[in-house]
Structures are given as structure tokens and as C-alpha cells.
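Commentary on secondary and tertiary structure
Listed here are the chains, written in short residue letters.
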Amino acid sequence: MKKFINAVDQVENQMIMGMCKAYPQYVKKLDCGNVVVRSNKKEGKVALISGGGSGHEPAHGGFVGEGMLDAAVAGAVFTSPTPDQVYEGIKAIATDAGVLMVIKNYTGDVMNFEMAGEMAEMEDIKVAKVVVNDDVAVDGSLYTVGRRGVAGTVFVHKIAGAKAETGASLEEVQATAQKVIDNVRTMGVAIRPCTVPAAGKPGFELGEDEMEVGIGIHGEPGTHKEPLRPVDEIVDHILDKILGDLDFSGSEVAVMVNSSGATPAMELFIVNNHVADVLAEKGIKVYKTFVGEFMTSLEMEGFSVTLLKLDDELKELLDAKADTIAFKA
């Protein structure tokens, strides 16, 4: 294993400290573990908390700031944060308007966030939750009951965060977040695995000419392995799955082409070139496109495509101001 780290057991802590030292205007670290909160606490409005295992940077700490998250909790690499970490994050950001937990659909994340929410409610903090399950590739796995939560989670952060900034109630912010979840779909592929520092070896194997179709953000298996094909053919398969799962016909959409960590911008733009062409051919209007690293998997070489069906409310909230380390609008 070759990585630019010091000690394996310090990776997450040193990463969080480095983030906070680089961007003190956005985030600060709590003393209770790898929890970051907004440097300037929101008052009088619904606060948002999310998180999960480390290794998905810039998710989730990179999305803490005005118009998005108020706190992000980082577990060990690809491992859910503990309930007490999440609980401390909730307490640090809680307002009279309440706290919304945005949870990716992984069994450990759901269980630990729910436990933290129950602990917070015992302290008379109003808490609600949504569970993101945008991955169309796999329905049920070793890590989930139902579909996995992947890159579409970033759209939930953005739009629910914007809704909270309007002064909406906890129930209204939760309903808007759920509308995003109901209308967002994602699928990814990979051609090279990543290595979790604590494991010291790649999480899976692929032949030199192989790709994993439908892979998860922790390197979980997708639907199948197959020989690597031209990217336009890969995009066709992904879009067939996404468009076959939800009726996007005649809609306006937001598109996210997301790098798994080691896929360069050149290749992502090649992906988007065909995504845009296919959607245009099908009469689906692209309202806004995001290309880059949003929900990574360490140094995995791969990408995902996310489509979000928009209405007037979601367009307005997508365009609303956001000022975070990794996402600005």
C-alpha cells in the first residue's frame, strides 16, 4: 500500500484537522471526535446534519456551510460514525426549529443516526430524518436493506439546506428533502479499486480489461463484471437503467457526473458529452450540470451519473446561495 499518510489510526482525525485549518471560515472541529460544524452557527432555522464513513471527500465535511449542512460526522474509512458522535453533532447545531438528519441508506448509518436522534429527543431537541436511496443498480446488499444512498445525497444536502435557509419548518424541510429523494437516481461503474488504509490492500479485484457495473461507493459489488467498453456505451447502459426506473420524459433535470476519486476531469467531460446528447435526443432538458468530485471512494477509478427531476421549487432551491468548501452557488 502506498499512501501519503502518517499512522493508519490517525488518518481520519488528521484529515479533519487539516480541513479545519485550511478553511476556518467554514468549519470547526468539535472536541468529541471527527465532527465538524459551521464556524458561524445558524440560529432560528432548521439545522441539517449528515455524515457517514470517511473516504468520500469532499462529502460530507466539504458541504458544511451556508445553504447546505450545519454539521457533518465522519466515521472511520467506510465505517458508520458512532451514535455518540452524531448526538454531539446534533447538540452543537440544534436550534428551536429542530434538526434534520440526512442519512445514506446503509444499515449502520441508519441505525446509528436513529439512535442519536432518539438521544437528542430525550434532551427535548426536535429531530426528523430522511434516508437517501438513489442507487438504481442494486436493491439490497451486504450493507443495505433496499437501495444504497450514493452521490444523489449531495442534491439532498443542497436543496434541503436551501429550504432551511428560507425559515421553513422542520416538517417542510423534511418534505422537500424527501421530494428530492423521490426524484433522484444514480448509477456508477469502476475500472480500478481503492485501498482502505486499515486494510492495506485493494477492496476487490478487476482484470486489466474489466469493469464493475453498478458498483457501490465503498467498493461493494455491482450487478456484474464485464470487459471495458467505450464510455458512450457505458453511459447508454447507465442511462437506460436510470430512465427505466423513473419517468423523466418531458422533464427538466439536474445532472451530476461524479468522479469516484481517481477519474480525471478529461474523462468526466467525455462522459457528460454523451449524457447531454442522449438526454437531448430523448427530449429531457438539462437545467444545470455538475461535473467533478462530490462523493468519492478514496482513489477508486470510476464515475457515477445522477439525474434529478426538477420542478419550479427544486430549481429555485438548487439555484439558491450556497457557500461551502466544496459546493458554491
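Residues numbered from 1 in each chain as written. Predicted model: local features only at pLDDT ≥ 70, side-chain atom pairs only at ≥ 80, totals over all residues. Heavy atoms only, no water.

**Some words on unusual backbone geometry**
Looking along the chain, the bond that leaves Glu57 and enters Pro58 is cis, with omega of 15 degrees. Looking at the element boundaries, Pro58 is found in the loop between β3 (47-54) and β4 (65-66). Ala59 connects to His60 through a cis peptide bond whose omega is 5 degrees. Tracing the sequence through the fold places His60 in the loop between β3 and β4. With a phi close to 60 degrees, Phe78 is a non-glycine residue in the positive phi region. Turning to its location among the elements, Phe78 is positioned in the loop between β5 (71-77) and α2 (83-93). Not every positive phi belongs to a glycine, and Asp124 is a case in point at roughly 65 degrees. (Helix = DSSP H or I, 4+ residues; strand = E, 2+ residues; numbered from the N terminus.)

**Section: a nonpolar patch on the surface**
The grouping of Met1, Ile5 and Val8 at the surface amounts to a nonpolar patch, some 230 Å² of accessible area in total. Here Met1 lies in the segment before α1 (11-22). (Patch = residues over 30% accessible without salt bridge, like charges linked within 9 Å, V, L, I, M, F, W, Y side chains within 5 Å. Areas by Shrake-Rupley, 256 points an atom, 1.4 Å probe, with all protein chains shown as cover. Salt bridge = Lys/Arg side-chain N within 4 Å of Asp/Glu carboxyl O.)

**Digging into the packing of aromatic side chains**
Applying the stated criterion across every chain yields a total of 3 aromatic pairs. Taking 5.4 Å as the distance between ring centres and 35 degrees as the angle between the ring planes, the aromatic pair formed by Phe290 and Phe327 counts as tilted. Of this pair, Phe290 sits in strand β12 (residues 285-292) while Phe327 sits in the segment after β14 (323-324), and the two are 37 residues apart along the sequence. What makes Phe290 buried here is its relative accessible area of 13%. If you follow Lys309 out to its NZ or CZ, it ends over the ring of Phe248, 5.9 Å from the centre. (Phe/Tyr/Trp six-rings, centres within 6.5 Å; stacked < 30°, edge-to-face > 60°. Buried < 20%, exposed > 50% of the residue type's maximum accessible area, 1.4 Å probe, protein only. Lys NZ or Arg CZ within 6 Å of the ring centre and 35° of its normal.)

**Describing the sheet that holds strand β2 (residues 35-38)**
Within the open sheet, the 6 strands sit side by side as β1-β2-β5-β3-β6-β7. Their pairing is mixed. The open sheet terminates on both sides in strands that have one partner only, identified here as β1 (27-29) and β7 (127-132). Sheet twist, expressed as the mean angle between neighbouring strand axes with direction ignored, is 25 degrees. In terms of strand pairing, strand β6 (residues 99-104) meets β7 through 6 bridges, oriented parallel. Residue pairing in the sheet places Val99 in a bridge with Val127 of β7. Across the sheet, helix α3 (residues 107-121) touches β3, β6 and β7, and the angle it forms with β6 is around 165 degrees. Relative to the sheet, helix α5 (residues 170-182) contacts β3, β6 and β7, its axis offset from that of β7 by approximately 5 degrees. (Pairing = 2+ DSSP bridges. Axes fitted to C-alpha atoms, helices over the stretch in contact; angles between N-to-C directions. Contact = heavy atoms within 4.5 Å.)

**A closer look at the pairing of strand β8 (residues 184-192)**
Among the 9 residues that make up β8, 7 are buried, leaving the element largely enclosed by the rest of the structure. As judged from the 8 bridges shared by β8 and strand β13 (residues 301-310), these two strands associate in the antiparallel manner. The residue of β13 that forms the bridge with Val184 is Leu308. Across 2 bridges, the pairing between β8 and strand β9 (residues 210-213) is antiparallel. Across the sheet, Ala190 pairs through a bridge with Glu212, a residue of β9.

**Some remarks on the environment of Lys179**
Along the chain, Lys179 turns up in helix α5. Given a relative accessible area of 23%, Lys179 falls into the partly exposed group. C-alpha separation for the pair Lys179 and Ala160, spaced 19 residues apart in sequence, amounts to 9.6 Å. Beyond its immediate sequence surroundings of up to four residues, Lys179 is in contact with Asp311, Glu313 and Leu314.

**Comments concerning the sheet that holds β13**
As summarised here, the arrangement of the 6 strands in space is β10-β9-β8-β13-β11-β12, forming an open sheet in which the pairing is mixed. Of all the strands in the sheet, the pair left with one neighbour each is β10 (224-227) and β12. Pairwise comparison of adjacent strand axes, ignoring direction, gives a mean angle of 20 degrees for this sheet. Sheet strands in contact with α5 are β8 and β13, and its direction is about 55 degrees off that of β8. Across the face of the sheet, helix α8 (residues 312-319) comes into contact with β11 (252-259), β12 and β13 while running at roughly 35 degrees to β12.

**A short note on the pattern of salt bridges**
Using the criterion set out here, one finds 25 salt bridges in the structure. The residue Glu165 makes a salt bridge to Arg38 at a minimum N-O spacing of 3.3 Å. On the criterion of sequence distance, the pair formed by Glu165 in helix α4 (residues 153-165) and Arg38 in strand β2 is long-range, its members being 127 residues apart. Given a relative accessible area of 14%, Arg38 falls into the buried group. Its salt-bridge partner being Arg147, residue Asp245 comes within 2.5 Å of it at the nearest N-O pair. Placement of Asp245 in helix α6 (residues 231-245) and of Arg147 in the loop between β7 and α4 is noted, with a sequence separation of 98 residues between them. Several salt bridges converge on common partners, so that one network encompasses Arg38, Lys42, Lys45, Asp70 and Glu165.

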